[in-house]
Amino acid sequence: MSRRDDLAARLGAVRERIAAACAAAGRDPAGVDLLAVTKTVPAADVLTLMDLGLTAFGENRVQEAGAKVAEVAAGTPAGRPAARWHLVGGLQRNKARAAVEWADRVESVDSVRLADALDAAVRRAVDAGRRARPLSVLLQFSVDGDPKRGGVPPDGLLPLAEHVASCAGLRLDGLMAVAPLGADPDTAFASVAAAAERVRTAFPQATTLSAGMSGDLETAIRHGSNVVRVGTALVGERRLTSP
Ligand SMILES: *Cc1c(COP(=O)(O)O)cnc(C)c1O
């Protein structure tokens, strides 16, 4: 099977899982976006996925992504909408400037200090004419409050939301979460949904809930996720091969 046929078959299977999960939850599948997580896969696969109809891609490392974003932009056929890129992994403040060069959204904002670094980087890019829009931001919510795994713990969530909402360079769009390893996904995503609701009550524009990956997207959809971030089920275990 060619790589394109392989990706097409995997994409079809993922779309069927999303449709089945939506049907079971009484939801419209049009209300769940698929973010293809393309960390460790080469630009050629991203271009194939674009050809198969995907438009949004998630990366978790700034350096790997920067080169890939440029390669994908160069390889995108004329007249085709540009790929949109989300940063889904932990971000160090000293990489904020590099990230805002290509990211349409950062899904992993979990501290005031990181929000400030991104805000400053966006303003600089806007002033220099390299960026037209504020940066879309999701707050990464930590279900279990474990500081090692990233994410803002429950008691820090609303103060962080308030801070992000006050940053002119940032747009607070919602919440992202990963179910903790070994946790029951049903319990985890129920608490994520409650946290998302708290943020939405205070900030009605923050309607995005990015939850669910290859292994648990059905559970996340049952709990109201409207973005699933799928890597392995879509691209397999393929690893980036250096040229
Ligand atoms: C890698 C990654 C994903 C995708 O995980 P899969 O299990 O491969 O689908 C989703 N979200 C984040 C934050 C990731 O780092």
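No experiment lies behind these values; they were computed from the predicted model shown.

Within the secondary structure layout, Ala-183 lies in the loop between strand S6 (170-177) and helix H7 (185-202). C-alpha separation for the pair Ala-183 and Arg-200, spaced 17 residues apart in sequence, amounts to 25 Å.

This brings us to the packing of aromatic side chains. Counting across every chain of the model gives one aromatic pair. With centroids separated by 5.6 Å and ring planes inclined at 40°, the aromatic side chains of Phe-57 and Trp-85 adopt a geometry described as tilted. Highlighted residues: Phe-57 in strand S2 (residues 56-59) and Trp-85 in strand S3 (residues 84-87), separated in sequence by 28 residues. Judged by its relative accessible area of 0%, Phe-57 falls in the buried class. Overall, the relative accessible area of 3% leaves Trp-85 in the buried class.

With that settled, consider the site of the ligand. Inspection of the region around the ligand gives Val-37, Lys-39, Val-88, Met-213, Ser-214, Arg-229, Val-230, Gly-231 and Thr-232 as its neighbouring residues. Between the ligand and the protein, one listed contact pairs an oxygen atom with a side-chain N or O atom of Thr-232 at 2.5 Å. Starting from 390 Å² of accessible surface for the ligand in isolation, the protein chains cover 82%. According to the grid-proximity analysis, the pocket containing the ligand is the largest pocket. Classifying every residue of the shell around the ligand by side-chain character gives four nonpolar, three polar and two charged.

Moving on, we come to the layout of surface pockets. Within this model, the largest pocket holds a volume of roughly 700 Å³. Lys-39, Arg-149, Val-178, Met-213 and Arg-229 are the residues nearest the centre of the largest pocket, which is lined by 36 residues in total. Counting residues per element, the ones that place at least two in the lining of the largest pocket are strand S5 (135-141) and helix H9 (232-235). Tallied by class, residues from the lining of the largest pocket come to 15 nonpolar, 13 polar and eight charged. Of all the elements in the fold, those that place two or more residues in the lining of the second largest pocket are helix H1 (3-25), strand S1 (33-37) and S3. Split by residue class, the lining of the second largest pocket holds ten nonpolar, six polar and eight charged.

A separate point is the pairing of strand S7 (residues 208-211). Alternating positions in S7 separate into two faces, Thr-208 and Ser-210 on one and Leu-209 and Ala-211 on the other, with burial throughout. Two elements, S6 and S7, share four bridges in a ladder whose sense is parallel. The partner of Gly-174 across the bridge, within S7, is Thr-208. Following the chain from S6 across H7 to the adjacent parallel S7, one finds a crossover that is right-handed.

Another point: the pairing of strand S4 (residues 105-109). For S4, the buried fraction is high: five of the five residues fall into the buried class. Sheet topology note: the S3/S4 ladder contains two bridges and is parallel. The partner of His-86 across the bridge, within S4, is Arg-105. As paired strands, S4 and S5 are joined by three bridges and run parallel to one another. Among the inter-strand pairings, Val-109 is bridged to a residue of S5, identified as Leu-139.

With that out of the way, let us pick up the pattern of salt bridges. One pass over the structure, following the stated rule, counts 17 salt bridges. Between Glu-59 and Lys-68 there is a salt bridge, with its nearest N and O atoms 2.8 Å apart. Taking the relative accessible area as the measure of exposure, Lys-68 reaches 4% and is therefore buried. Where Asp-186 meets Arg-222, a salt bridge forms, and the shortest distance between an N and an O atom there is 2.9 Å.

Calculation criteria
- Residues numbered from 1 in each chain as written.
- Predicted model: local features only at pLDDT ≥ 70, side-chain atom pairs only at ≥ 80, totals over all residues.
- Heavy atoms only, no water.
- Helix = DSSP H or I, 4+ residues; strand = E, 2+ residues; numbered from the N terminus.
- Phe/Tyr/Trp six-rings, centres within 6.5 Å; stacked < 30°, edge-to-face > 60°.
- Buried < 20%, exposed > 50% of the residue type's maximum accessible area, 1.4 Å probe, protein only.
- Near = heavy atom within 4 Å.
- Polar contact = N/O pair within 3.5 Å; in protein donor to acceptor, adjacent residues only side chain to side chain.
- Areas by Shrake-Rupley, 256 points an atom, 1.4 Å probe, with all protein chains shown as cover.
- 1 Å grid on protein atoms, 1.4 Å probe; cavity = no way out; pocket = protein on both sides within 12 Å on 5 of 7 lines; lining within 4 Å.
- Sits in = over half its atoms within 2 Å of the grid points.
- Nonpolar A, V, L, I, M, F, W, Y, C, P; charged D, E, K, R; others polar.
- Points joined across faces, edges and corners; volume = space filled by probe spheres on them.
- Pairing = 2+ DSSP bridges.
- Right-handed = clockwise from strand over helix to strand, strands pointing away.
- Salt bridge = Lys/Arg side-chain N within 4 Å of Asp/Glu carboxyl O.

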